[in-house]
Amino acid sequence: MNRMIRAAAAQIAPVFDETGLGTAEKICRTIADAARQGVQIIVFPETIVPYYPYFSFIRPAFRMGAEHLALYDRAVVVPGPVTEMVGAAARAAGMVVVLGVNERDCGTLYNTQLVFDATGELILKRRKITPTYHERMVWGQGDGAGLKVVDSAAGRIGALACWEHYNPLARYALMTQHEEIHCAQFPGSLVGQVFADQMEVTIRHHALESGCFVINATGWLSDGQISDIAGDPALEGPLRGGCFTAIVSPEGKLLAEPLCEGEGLVLADLDFGLITKRKRMMDSVGHYARPELLSLLHDRRPARTVQYRDDPPEAVEPDSLHDRT
């Protein structure tokens, strides 16, 4: 009998408040609402907590200092109050939660993806390996330690943020670990329709290539928020469009109507039998691979700025018997 679970992709707007907790509280309310609809896994947008740094896309670096410092003040420490709040909401709902946050680690911010199991336990923290374009002025770089798939109550989960999906080796690193559900996160309300069009191609292709489900969540900005962030009508255009919240099957099919405007949930029931159906035809890391010709070298050691001579040798534990990276 094939396993079935109900999934949700959330398209929501952040809350711009002084504490930085407003968005996290909204996340928890959304989790509770999804639970009433039978959802077992939910994915939220890229760095939705406290908010994506839209200011960095429309302002030159020397003019964004105040906004950057404000983001430092409101960023998420892991573990900390936000992870405790969201973990409790996940536990109460019995739901796997995939959340994008601006993580503060001392003097650096990171684009971080957090996966909470249905028990509320934080089972994955990974950082975007290469911030894109304007983002390099805001976030530090992640490392290969986070490129891993984790077992959860909903299945084997992998995650990438935004244009990491244009790094084929990063995607392949997750594929070799046999992800069943790929969680994709984009900022939304950015660049325009071309961004949404590219996003659709990207997530549908990964579903086909990996033979997995893809749950993709993008953020949303209201007209008032766009006006406040831009501060100039001439700068509002780049902060519109670019939303494509959707759920895709291993056969590359959209399982529900995508959400391209406004806030809401995209819901779909995932039939895991479709994974086998797809991989029977084409398994990119199995019978369709040619490892004697092409293979991936994946350095999974955490990046460290210092190593002490009295440290024990650092061992890299395999994620599972299926980990072949």
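As recorded by an unreviewed UniProt entry, the protein chain carries the name Nit6803 family nitriliase and is attributed to Gluconacetobacter tumulisoli. According to the UniProt record, the Sequence similarities (unreviewed entry) comment for the protein chain is "Belongs to the carbon-nitrogen hydrolase superfamily. Nitrilase family."

Caption draft 1: Fine view of the environment of Gly100. The topology assignment puts Gly100 in strand S3 (residues 96-105). By relative accessible area, Gly100 is classed as buried at 0%. In this structure the C-alpha to C-alpha distance between Gly100 and Asp310, which are 210 residues apart in sequence, comes to 35 Å. Beyond its immediate sequence surroundings of up to four residues, Gly100 is in contact with Pro45, Glu46, Thr47, Ile48, Val49, Thr112 and Gln185.

Caption draft 2: Representation of the sheet that holds strand S1 (residues 4-11) in the model. Overall, mixed pairing links the six strands, which are arranged S5-S4-S3-S2-S1-S11 in an open sheet. Of all the strands in the sheet, just strand S5 (122-127) and strand S11 (264-271) have a single pairing partner and so form its edges. When strand polarity is set aside, the average angle formed by the axes of neighbouring strands in this sheet is 25°. As paired elements, S1 and S11 share eight bridges and run antiparallel to each other. Along S11, the bridge assignment pairs Met4 with Asp271. Along the sheet, helix H3 (residues 65-74) contacts S3 and strand S4 (108-116); its crossing angle with S4, the most-contacted strand, is approximately 40°.

Caption draft 3: Main features of H3. For H3, the complete set of buried residues consists of His68, Leu71, Tyr72 and Arg74. On its buried face, H3 sits against helix H2 (55-58), S3 and S4.

Caption draft 4: Region of interest: the packing of aromatic side chains. Tallying each qualifying case throughout the model produces six aromatic pairs. Note on Phe16 and Tyr51: the rings are 4.9 Å apart at their centroids and 40° apart in plane angle, and the pair reads as tilted. In this pair, Phe16 is assigned in the loop between S1 and helix H1 (22-35) and Tyr51 in the loop between strand S2 (41-43) and H2, connecting sequence segments 35 residues apart. Residue class for Phe16 comes out partly exposed when judged on its relative accessible area of 36%. Residue class for Tyr51 comes out buried when judged on its relative accessible area of 5%. An aromatic cluster is defined as three or more aromatic residues linked by ring pairs; in this entry it consists of Tyr52, Tyr54 and Trp139. Stacked on the ring of Phe272, the Lys or Arg Arg3 has its end atom at 3.8 Å from the ring centre. Residue placement shows Arg127 over the ring face of Tyr110; its charged tip is 3.8 Å from the ring centre.

Caption draft 5: Highlighting the pairing of S5. For S4 and S5, the ladder comprises five bridges, and the chain directions are antiparallel. Residue Phe116 lies in a different strand from S5, and its bridge partner there is Leu122. Between S4 and S5, which pair antiparallel in sequence order, lie five residues; one of them, Gly120, sits at a positive phi of approximately 95°.

Caption draft 6: Spotlight on the sheet that holds strand S10 (residues 246-248). On the basis of which strands lie adjacent, the open sheet formed by five strands has the order S6-S7-S8-S9-S10 and mixed pairing. Unpaired on one side and paired on the other, strand S6 (150-152) and S10 mark the two borders of the sheet. Looking at each pair of strands side by side, their axes are set apart by 25° on average, direction ignored. Sheet topology note: the S6/strand S7 (residues 155-161) ladder contains three bridges and is antiparallel. Note on S7: the bridge partner recorded for Val150 is Ile157. Each of strand S8 (181-186), strand S9 (213-218) and S10 touches helix H6 (residues 193-210); the most contacted strand, S9, lies at about 160° to it.

How each quantity is defined
- The residue numbers shown here count from 1 along each chain, following its written sequence.
- Given that the model is predicted, a residue must reach a pLDDT of at least 70 before its local features are reported, and side-chain atom pairs must reach 80 or more before they are shown or counted; all residues, however, enter totals for whole chains, interfaces and linings.
- Each side-chain value is worked out from all heavy atoms of the structure, with water and hydrogens disregarded.
- UniProt positions are given in the numbering used here, feature names are shortened, and annotations may be inferred rather than shown by experiment.
- What counts as a helix is a DSSP run of H or I of at least four residues, what counts as a strand is a run of E of at least two, and both are numbered from the N terminus.
- Only protein chains enter the accessibility calculation, which uses a 1.4 Å probe; a residue is then buried when its area is under 20% of its type maximum, exposed when over 50%, and partly exposed in between.
- Contact criterion: two residues are considered in contact whenever any of their non-hydrogen atoms come within 4.5 Å of each other.
- Think of it this way: DSSP has to see at least two bridges between two strands before they count as a pair.
- Note on geometry: axes are C-alpha line fits, over the in-contact stretch for helices, and angles between N-to-C directions span 0 to 180 degrees.
- When two rings of Phe, Tyr or Trp (its six-membered ring) have centres within 6.5 Å they constitute a pair, described as stacked for plane angles under 30 degrees, edge-to-face for angles over 60, and tilted for the intermediate range.
- The criterion is that NZ of a Lys, or CZ of an Arg, lies within 6 Å of the ring centre and within 35 degrees of the ring normal, and then a charge sits over that ring.

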